[in-house]
Amino acid sequence: MIDSSALFMLAMIGSVFMWIVLLFKIVLSPLQETVKWKLVGVLFVFALCYIFVPSWVVDTFKLSGYGVPALLVNALFVGLVVMYFLITSAIKRQEKIKNAGR
C-alpha cells in the first residue's frame, strides 16, 4: 500500500514534469504575448502554493504527519493537470481560428 509520503513525492515529481511541459507549450504557442505572461504568472502562483501552503498548514495546525500536506499537494497537482488541459484546448482553439483566417 502506498503511504502519504509516497503520494507526496509522486505528485511533486509529476508536477515538475508538468511545469516543464506547460512552460514549453506556453512559450511555443501562437497565443498573444500578454496571454503567455498571464499563464506563466499562474504557473508561478502554483509554484508558490506548492512551497508555502503545506508548510503553513503544518505550522498552523501543529500537525505531526504528512497526511494533510500530501493531500494538499495532490490537490494542487490535480489543479495543474486541469490547467494543462485548459491551456491545450485554448491553444487548439487559437490555432483553429488562425487557420480559418487563411
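In what follows, the accompanying structure is described. (Residues numbered from 1 in each chain as written. Predicted model: local features only at pLDDT ≥ 70, side-chain atom pairs only at ≥ 80, totals over all residues. Heavy atoms only, no water.)

**Thoughts on the nonpolar core**
Core analysis: the largest hydrophobic core is formed by 17 residues, its most contacted members being L22, L43, F46, Y50, L80, M83 and I87. Sorting the residues of this core by element identifies α1 (4-27), α2 (33-61) and α3 (67-100) as the ones contributing at least two each. Residues within four places of L22 in sequence aside, it is in contact with L43, L80, M83, Y84 and I87. (Core = buried A, V, L, I, M, F, W, Y, C linked by side-chain atoms within 4.5 Å. Buried < 20%, exposed > 50% of the residue type's maximum accessible area, 1.4 Å probe, protein only. Helix = DSSP H or I, 4+ residues; strand = E, 2+ residues; numbered from the N terminus. Contact = heavy atoms within 4.5 Å.)

**Overview of the environment of T88**
Within the secondary structure, T88 is located in helix α3. The class for T88 is buried, based on a relative accessible area of 13%. Taking the C-alpha atoms as reference, T88 lies 8.9 Å from L22; in sequence the two are 66 residues apart.

**With respect to the pattern of salt bridges**
Inspection of the entire model under this criterion finds one salt bridge. Among the salt bridges present, the one from K36 reaches E33, with a minimum N-O distance of 3.8 Å. Linking K36 with E33, this pair stays in helix α2, spanning three residues, or about one helical turn. The exposure class assigned to K36 is buried, which follows from its relative accessible area of 13%. (Salt bridge = Lys/Arg side-chain N within 4 Å of Asp/Glu carboxyl O.)

**Points about α3**
Its 34 residues place the ends of α3 50 Å apart at the C-alpha level, agreeing with the 50 Å of an ideal helix rising 1.5 Å per residue. Buried residues of α3: P69, A70, V73, N74, L76, L80, M83, Y84, I87, T88 and I91, and no others. Summarising the contacts, the buried residues of α3 are in contact with α1 and α2. (Expected span 1.5 Å × (residues − 1).)

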